[in-house]
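Notes for the structure review
So you can see what is in the structure, the chains are spelled out below.
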Amino acid sequence: MLIVQKFGGTSVGDLERIQNVANRVVESKKAGNDVVVVVSAMSGETNKLVAYAEHFSSTPARAEMDMLLSSGERVTASLLSIALNEMGHSTVSMTGRKAGILTDSHHTKARIEEINPEAMKSAIQEGKIIVVAGFQGVSMEGNVTTLGRGGSDLSAVAIAGAIDADLCEIYTDVSGIYTTDPRIEPKAKKLDKISYDEMLELASLGAKVLQNRSVELAKKLNVNLVTRTSFSNEEGTLITKEENIMEKPLVSGIALDKNQARISLMGVADKPGIASDIFGKLATSDVNIDMIIQNKSHDDRTNIDFTVPISDIADAKKVVDTFMNNGDIEADSYNEKICKVSIVGVGMKSHTGVAAKAFATMANENININMISTSEIKVSMVISEKYAELAVRSLHNAYELDK
Ligand code: ADP
Ligand code: ASP
Ligand code: MG
């Protein structure tokens with residue numbers, strides 16, 4: 001088999017753990033597989049580099065951030081390669097550029113445009129174990145780019161697709177995908193399988209166990225994706241097509257996203273094209289909008305509330321300021337003390353009352369819901385951040401996910 005094995009930050013968190021990863025890779029190789037390894041930076045390393053940059057500037061140039069942050073993955077890739085070599089294996093480490101990962105030039109959240117897998121393919125031919133630095137690529141202009149936080153998952157899936165791997169294993173610090181974050185609810189249950197669509201919702205709604213774009217791509221390229229732990233031989237969770245899953249529970253999981261902020265625009269000029277103008281400019285500035293609420297207007301003025309990732313607030317504020325300056329918005333406010341809890345399940349498509357139960361559960365706990373959004377397979381609620389964990393546990397209990 002040709003296998004891509006991705007090891008996350010905790011799995012390569014110190015030198016002993018990197019050795020543990022090397023042992024695991026060698027085991028796979030000895031079992032007769034060709035292995036391409038993708039690594040993250042050692043845990044905490046990327047955050048440390050971000051903090052270094054913030055020491056000098058609150059708005060460092062994004063291209064410089066990519067130069068900086070991509071270095072963390074290079075450290076791990078070369079160390080693992082050295083360890084494997086010392087164990088008697090022929091290895092080569094590759095940066096994103098060497099691995100042929102071409103991206104657009106949206107620094108710090110670049111998209112992969114294509115992969116030229118020639119260098120990887122010839123190294124595989126030569127029987128080498130390849131160790132790729134995850135999270136990074138190179139733009140058409142030749143600059144190093146990164147793929148967004150958690151982006152090594154995306155590197156792994158994209159490489160698996162490009163070299164037509166039989167399997168893509170994501171090794172992390174939990175033994176698979178659980179009904180909710182097991183660090184919040186210890187009663188969470190590990191799932192044997194989950195559909196791409198449900199996993200995509202969970203990941204997009206805050207379950208950072210997989211980066212959402214990696215799941216999107218796995219679905220598109222039909223990559224066999226397994227999440228498991230690097231600390232034991234326990235079987236993980238298979239992420240697969242919905243038709244491969246026999247039992248479809250009503251609700252499969254609960255996600256929590258504490259990384260959201262609510263932006264309120266007051267006294268917005270209520271005229272045709274204003275929403276398109278504001279949200280168009282926010283989109284051009286790479287601000288990721290999630291929920292939007294527009295209130296009834298008074299005296300040709302209205303209020304619009306929406307949510308964005310906390311990291312996009314500064315960029316959003318710049319856009320909002322231009323509308324404040326020309327009088328189209330009277331006042332703005334920014335609230336980081338909110339969170340989004342979501343329930344996800346394909347079973348919702350064919351059942352009623354799922355959302356009502358979520359609202360009743362919040363009511364029972366006296367938790368006020370600020371915003372709601374739903375789709376075919378999810379219900380999301382914005383609530384005050386101080387109730388985040390309580391909300392997750394109550395919902396987990398209400399839908400009997402621990403059973
Ligand atoms: P890595 O460094 O290996 O990429 P991450 O920290 O990005 O690992 O993701 C793993 C973490 O995701 C777990 O430690 C867990 O706290 C969190 N997590 C959130 N939701 C879930 C879920 N539904 N199932 C499993 N883990 C989850
Ligand atoms: N090191 C990067 C991050 O912390 C990428 C990754 O770990 O996937 O976001
Ligand atoms: Mg991760």
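It should be noted that the structure appears before, not after, this text.
Everything quoted here is computed from the prediction, not taken from an experiment. (Residues numbered from 1 in each chain as written. Chains lettered and ligands numbered in written order. Predicted model: local features only at pLDDT ≥ 70, side-chain atom pairs only at ≥ 80, totals over all residues. Heavy atoms only, no water.)

**Considerations on the site of ligand 1**
Rule in force here: Any residue with a non-hydrogen atom lying within 4 Å of a molecule or strand is treated as near it. Computed with the Shrake-Rupley method and a 1.4 Å probe, the accessible areas treat only the protein chains shown as cover for residues. Residues were grouped as follows: Ala, Val, Leu, Ile, Met, Phe, Trp, Tyr, Cys and Pro as nonpolar; Asp, Glu, Lys and Arg as charged; and all remaining residues, including Gly, as polar.
The environment of ligand 1 is made up of 18 residues, and the closest members are Thr172, Asp173, Tyr178, Asp181 and Arg183. Against a free-state accessible area of 580 Å², the protein chains account for coverage of 89% of ligand 1. In the shell around ligand 1, the residues fall into seven nonpolar, six polar and five charged.

**Description of the pattern of salt bridges**
How we decide: Every case where a carboxyl oxygen of Asp or Glu lies within 4 Å of a side-chain nitrogen of Lys or Arg is listed as a salt bridge. Here a strand is any run of E in DSSP of at least two residues, a helix any run of H or I of at least four, and the numbering for each starts at the N terminus. Burial here depends on accessible area, computed with a 1.4 Å probe over protein chains only, as a share of the maximum for the residue type. Under 20% is buried, over 50% is exposed, and the range in between is partly exposed.
Applying the stated criterion across every chain, the model contains 20 salt bridges. A salt bridge links Lys349 to Glu242; its shortest N-O distance comes to 3.5 Å. Remark: Glu242 occurs in the loop between β12 (237-240) and β13 (253-257) and Lys349 occurs in the loop between β18 (338-344) and α10 (354-364); sequence separation between them is 107 residues. Using a relative accessible area of 42% as the deciding quantity, one classes Lys349 as partly exposed. What emerges from the salt-bridge pattern is a single network uniting Arg62, Asp315 and Lys318.

**Describing the packing of aromatic side chains**
Operational definition: For this analysis, a ring pair means two rings from Phe, Tyr or Trp (six-membered ring only for Trp) whose centres lie within 6.5 Å, classed as stacked if their planes differ by under 30 degrees, edge-to-face if by over 60, and tilted for the remaining angles.
Applying the stated rule across the entire model yields two aromatic pairs. Aromatic side chains Phe7 and Tyr171 sit 4.6 Å apart centroid to centroid with 10° between the ring planes, which places their arrangement in the stacked category. Here the residue Phe7 occupies a position in strand β1 (residues 2-7), and Tyr171 occupies one in strand β9 (residues 167-172), the gap between them amounting to 164 residues. Residues Phe7 and Tyr171 agree in their burial class; the two are buried.

**Section: the site of ligand 2**
We apply this condition: What qualifies as a polar contact is a pair of N or O atoms within 3.5 Å, subject to a donor-acceptor requirement within protein and to the restriction that residues adjacent in sequence count only when both atoms come from side chains.
By nearness alone, every residue bordering ligand 2 is listed as Ser40, Thr46, Glu73, Phe135, Arg149, Gly150, Gly151 and Ser152. The separation between a nitrogen atom of ligand 2 and a polar side-chain atom of Thr46 is 2.8 Å. Interatomic distance of 2.6 Å between a side-chain N/O atom of Arg149 and an oxygen atom of ligand 2. Summarising the interface, the protein chains cover 86% of the accessible area of ligand 2, which totals 260 Å² for the free molecule.

**Here we look at the packing of α10 against helix α11 (residues 388-398)**
We count it as follows: Under this scheme, a helix contributes an axis fitted over its contacting stretch, all axes are lines through C-alpha atoms, and angles between N-to-C directions fall in the 0 to 180 degree range. Any angle that falls under 35 degrees is termed roughly parallel, while one over 145 is termed roughly antiparallel, one within 65 to 115 roughly perpendicular, and all others oblique. Put simply, a crossing is left-handed when the front helix is turned counterclockwise from the back one by less than a right angle, and right-handed when it is turned clockwise. We call two residues contacting when some pair of their heavy atoms lies within 4.5 Å.
At their nearest, the axes of α10 and α11 sit 10 Å apart, and the two run at 130° to each other. Comparing their axes, α11 and α10 come out oblique. The way α10 lies across α11 gives a crossing that is right-handed. In this structure, α10 contributes Lys357, Ala358, Thr361 and Met362 to the contact, and α11 contributes Ala391, Ser394, Leu395 and Ala398. Of the residues that constitute the contact of α10 with α11, the class distribution is five nonpolar, two polar and one charged.

**Considering the nonpolar core**
Where we set the bar: Grouping buried Ala, Val, Leu, Ile, Met, Phe, Trp, Tyr and Cys residues that are joined through side-chain atoms within 4.5 Å yields what is termed a nonpolar core.
Of all hydrophobic cores here, the largest spans 43 residues; its most connected members are Val4, Met120, Ile130, Ile159, Ile163, Cys168 and Met199. Per element, the largest residue contribution to this core is six residues, and it comes from helix α5 (residues 152-162). Aside from chain neighbours lying at most four places away, what touches Ile159 is Val4, Val36, Val38, Ile101, Ile115, Met120 and Val132.

**Concerning the side chain of Arg262**
Along the chain, Arg262 turns up in strand β14 (residues 260-269). Polar contacts involving the side chain of Arg262 include one to the side chain of Asp305, which spans 2.6 Å. Sequence-distant contacts of Arg262, defined by excluding residues within four places in its chain, comprise Asp305, Phe306, Thr307, Ser333, Tyr334, Asn335, Ile338, Asn370 and Met371.

**Comments concerning the environment of Thr10**
You can see Thr10 is positioned in the loop between β1 and α1 (15-30). Here Thr10 falls in the partly exposed class, since its relative accessible area comes to 26%. In this structure the C-alpha to C-alpha distance between Thr10 and Val92, which are 82 residues apart in sequence, comes to 22 Å. When neighbours within four sequence positions are excluded, Thr10 is seen to be in contact with Arg17, Ser43, Asp173 and Phe231. Polar contacts involving the side chain of Thr10 include one to the side chain of Asp173, which spans 3.4 Å.

**Some words on a nonpolar patch on the surface**
The cut-off we apply is this: Distance thresholds for patches are 9 Å for like charges and 5 Å for nonpolar side chains (Val, Leu, Ile, Met, Phe, Trp, Tyr), applied to residues having over 30% relative accessible area and no salt bridge.
Taken together, the side chains of Leu15, Val75, Leu79 and Ile82 make up a nonpolar region of the molecular surface, amounting to roughly 370 Å² of accessible area. Relative to the helices and strands, Ile82 is located in helix α3 (residues 62-86). On the accessibility criterion, Ile82 (56% relative accessible area) is exposed.

**A short note on the layout of surface pockets**
Convention followed: Residues are said to line a cavity or pocket when one of their atoms sits within 4 Å of a point; the points come from a 1 Å grid over protein atoms alone, cavities being sets where a 1.4 Å probe fits but cannot get out and pockets being open sets with protein on both sides within 12 Å along at least five of seven lines. Grid points are joined across faces, edges and corners, and a volume is the space filled by probe spheres set on the points.
Here the second largest pocket defines a volume of roughly 450 Å³. Residue lining of the second largest pocket: 21 residues in total, with Leu191, Asp192, Lys193, Glu247 and Pro249 positioned closest to the centre. Sort the elements by how many residues they give to the lining of the second largest pocket and strand β10 (residues 193-195) lands first, with three residues. The class makeup of the residues in the lining of the second largest pocket is eight nonpolar, three polar and 10 charged.

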